[in-house]
Amino acid sequence: MTLKISQFIADKNPATPCLIVDLDVVKQNYLTLKSSLPQAKIYYAVKANPAAPIITTLEKLGSYFDVASLGEVKSCISLGISANRLSFGNTIKPIHAIRESYKLGIRLFAFDSAEELEKIAIYAPGSKVYCRIMVVNDGADWPLSRKFGTTAEQAIHLLIDAQEKGLKPAGISFHVGSQQKTVKAYQHAITLAANIFKTLQNRNITLDFLNLGGGFPANYSDEVPSTEDFGKTISTTMKELFPKEPPHLFIEPGRSVVGNSGVVRSEVILVSQRDETGKNPRWVYLDIGRFGGLAETEGEAIRYRFETPYDNLTTGLVPCVLAGPTCDSADVMYEKNPVMLPPELKSGDKIIILATGAYVASYCSTGFNGFAPLNEYYL
Ligand SMILES: *Cc1c(COP(=O)(O)O)cnc(C)c1O
């Protein structure tokens, strides 16, 4: 937790649950990405955290934006971002979203199927298009495979088609899976993409850019390679595979820009030990759970770290099942792999859930079970 956030909590004692984000950290993360991959254009993936203060902070630093819906297009434009800084990266778009965003000036669209390409040709004529390919997502805690992307063979075919339909075939994209913990994932994916570039070159189509997507990890419970490590491997791979005239490079980081910038402050609602023998695990219920924004605990995929008032006192930690406040038995965050927490923890205590700046506030349900969405503070 940054000094700014701990001072805010001490001064304001904000009601729980709430998300508190330090915008200086967002700025620092952006600058670290920029210096690790100076040749890349950064398209911040808005869905990771679409809050206006984050968009505005990044815009001032020169960021571009990856948007996934007409709603995200409109909110960026209403914040003064010009349409030519936006890339419509979702390969699954309603027709009206293509038409309306084209009217608003968007000219860069992703696709991964013949039908989507056809829709773009009709409703966004003459636009630049890029094809998303399927790549292996091994090493990612939150994979994005299967639902998106096409084969290399199909991508070549579709990009040739794009030109015939009056569109501008502009690039290839992929996503190695979110919270990707191996740098090699990018190497493999870039190799696959480079072959497509070569084949198309032989057909007299020169693509302008390679879009590496997101995936760069945030710091949760596991050690992850640094942004610099990712930058080095990507740059080396690009030099090897594109020895002359490399394409422009785009990245679409979400999690790595905002993940560690925020914390959730939550209250312990109940600690329950159902029997004295200790055979049944201790259950800790918080005022935030899977429906309150911690949706990425599904499958216990993303493992957050916790700070409690007893971290300096306790001699031993006890395994606890961690659950949310709603009357839904799916609202359990960690059970297979319990969380180690101090035995002193009790109802009314405030705890801090670290690195919750990405994929929390926007995942929060609109009021399931009467629990209001969490408050957000951007400092
Ligand atoms: C979600 C998403 C991203 C961001 O991914 P992170 O793993 O958060 O960096 C980037 N590009 C696309 C197309 C996405 O859907």
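Residues numbered from 1 in each chain as written. Predicted model: local features only at pLDDT ≥ 70, side-chain atom pairs only at ≥ 80, totals over all residues. Heavy atoms only, no water.

As a further point, take helix α5 (residues 95-103). Within the sequence span of α5, burial applies to A97, I98 and S101. Summarising the axial view, the buried residues of α5 lie within an arc of 100 degrees, below the 170-degree limit, and thus occupy one face. Residues of α5 that are buried make contact with α4 (70-78), β4 (86-88), β5 (108-111) and α6 (114-123). (Buried < 20%, exposed > 50% of the residue type's maximum accessible area, 1.4 Å probe, protein only. Helix = DSSP H or I, 4+ residues; strand = E, 2+ residues; numbered from the N terminus. Arc of directions from axis to C-beta. Contact = heavy atoms within 4.5 Å.)

To continue, consider the environment of R274. Along the chain, R274 falls in the loop between β12 (262-273) and β13 (282-286). Residues R274 and A355 lie 81 residues apart in sequence; the distance between their C-alpha atoms is 31 Å. Those residues in contact with R274 that sit more than four places away from it in its chain are N280, W283 and Y285. Looking at R274, its side chain comes within polar contact range of the side chain of Y285, at 2.9 Å. (Polar contact = N/O pair within 3.5 Å; in protein donor to acceptor, adjacent residues only side chain to side chain.)

Bringing the site of the ligand into the picture now. For the ligand, the set of nearby residues contains 13 residues, the closest of which are K47, S178, E252, R255 and Y359. The separation between an oxygen atom of the ligand and a polar main-chain atom of G215 is 2.9 Å. Between an oxygen atom of the ligand and a main-chain N or O atom of G254, the distance comes to 2.9 Å. Across the complex, the protein chains shield 92% of the 390 Å² of accessible surface that the ligand would expose by itself. Under a 2 Å grid-point criterion requiring more than half of the atoms, the pocket assigned to the ligand is the largest pocket. (Near = heavy atom within 4 Å. Areas by Shrake-Rupley, 256 points an atom, 1.4 Å probe, with all protein chains shown as cover. 1 Å grid on protein atoms, 1.4 Å probe; cavity = no way out; pocket = protein on both sides within 12 Å on 5 of 7 lines; lining within 4 Å. Sits in = over half its atoms within 2 Å of the grid points.)

Another aspect to go through is the packing of aromatic side chains. One pass over the structure, following the stated rule, counts 16 aromatic pairs. For the ring pair Y186 and F230, a centre distance of 5.7 Å and an interplane angle of 85 degrees mean the geometry is edge-to-face. Pair noted here: Y186 is in helix α8 (residues 184-202) and F230 is in helix α9 (residues 227-241), with a separation of 44 residues, a long-range link. Chaining the aromatic ring pairs together yields one cluster made of Y43, Y64, Y130, F209 and F250. In this structure, R85 packs its charged tip against the face of Y64, placed 4.2 Å from the ring centre. Over the ring of Y102 we find R107; its NZ or CZ atom is 3.8 Å from the centre of that ring. (Phe/Tyr/Trp six-rings, centres within 6.5 Å; stacked < 30°, edge-to-face > 60°. Lys NZ or Arg CZ within 6 Å of the ring centre and 35° of its normal.)

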